Amino acid sequence: MKVLNNLSIKVKVIGNAFALLVLMLAASGYAWHSMSQIGGEIKAIAERDFPLSKMLTHIGEGQLEQTIHFERALRAADIDAEEEFIKEVEEFKSLSKKIEEEIVQAKKLAKDDLARAAEADEVSEYQNVFDVISKVENVHNELDKQVLTVFSFVDRGVLHEAEEITDKSRQKADELTE
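Residues numbered from 1 in each chain as written. Predicted model: local features only at pLDDT ≥ 70, side-chain atom pairs only at ≥ 80, totals over all residues. Heavy atoms only, no water.

## Overview of the pattern of salt bridges
What counts, and what does not: The salt bridge definition used is simple: a Lys or Arg side-chain nitrogen within 4 Å of an Asp or Glu carboxyl oxygen. The numbering of helices and of strands both runs from the N terminus, where a helix is a DSSP run of H or I of at least 4 residues and a strand a run of E of at least 2. With a 1.4 Å probe rolled over the protein chains alone, any residue whose accessible area is under 20% of its type maximum counts as buried; one over 50% counts as exposed, and the rest are partly exposed.
Under the counting rule described, the total for this entry stands at four salt bridges. Across the pair Asp112 and Lys108 runs a salt bridge, and its minimum N-O distance is 3.2 Å. Of the two residues, Asp112 and Lys108 are both situated in helix H3 (residues 82-116); the distance of four residues between them amounts to about one turn of the helix. Taking the relative accessible area as the measure of exposure, Lys108 reaches 54% and is therefore exposed. One salt bridge in this structure joins Asp113 and Arg116, with 2.8 Å as the shortest N-O distance. Of the two residues, Asp113 and Arg116 are both situated in helix H3; the distance of three residues between them amounts to about one turn of the helix. Look at Asp113 and you get buried, because its relative accessible area is 0%. Residue class for Arg116 comes out partly exposed when judged on its relative accessible area of 44%.

So, in structure tokens, the structure goes:
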């Protein structure tokens, strides 16, 4: 304590200013570091999560459109509108091909993101996303097979079998939209 009493006021003020300057630089350095981390996380979200979310949204929309075309085809078959039935079947098949391509792209993107994940929670998140996409792919493939079987039965005029499979197909379609 005597050492501080022996210092002049000028030295005390300069020392106090220096200590405050050091504390301010330390706080600024910490803020800079924290902002850099936040910037990296935002960049990761923008580069990884948004494109994947966009793909999954497109897949979901395509599956909903497929369901609409399926129902329209059944309605057309019910009222004996053959041209409309054929048109809706072709639309269904076209969307199916598009969805399959999008699923492949989404799986590739999720796999790439999984490989780039640095932290355990990111690895878990991307693994979960990859697993969900794989499940969607399996359900989509099963639904396609069932719907194409329904279309085949309707086309041949075997409506009883078509009705049985239609109920299963609607359940699969509901699984996809959950």
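## Description of helix H4 (residues 120-156)
As a reminder of what qualifies: A helix is expected to reach a length of 1.5 Å times the quantity of its residues less one.
The end-to-end C-alpha distance of H4 is 54 Å, a good match for the 54 Å that 37 residues give at a rise of 1.5 Å each. Downstream of H4 by a residue or two, Gly157 has a phi angle that is positive, lying close to 85 degrees.

## A word on the nonpolar core
Soluble globular proteins tend to bury their nonpolar side chains together. The cut-off we apply is this: Note on terminology: a nonpolar core comprises buried Ala, Val, Leu, Ile, Met, Phe, Trp, Tyr and Cys residues joined through side-chain atoms within 4.5 Å. Whether two residues touch is decided by their heavy atoms; if any such pair falls within 4.5 Å, the residues are in contact.
Phe70, Phe85, Val147, Val150 and Phe151 are the most contacted members of the largest nonpolar core, which totals 14 residues. Put simply, the parts of the chain that give this core at least two residues each are helix H2 (9-78), H3 and H4. For this core, the element with the highest residue contribution is H4, accounting for six residues. When near neighbours in sequence (up to four residues on either side) are disregarded, Phe151 contacts Phe70, Ala73, Phe85, Val89 and Phe92. Within the second largest apolar cluster, 13 residues are counted, among which are Ile99, Ala106, Ala110 and Ile133.

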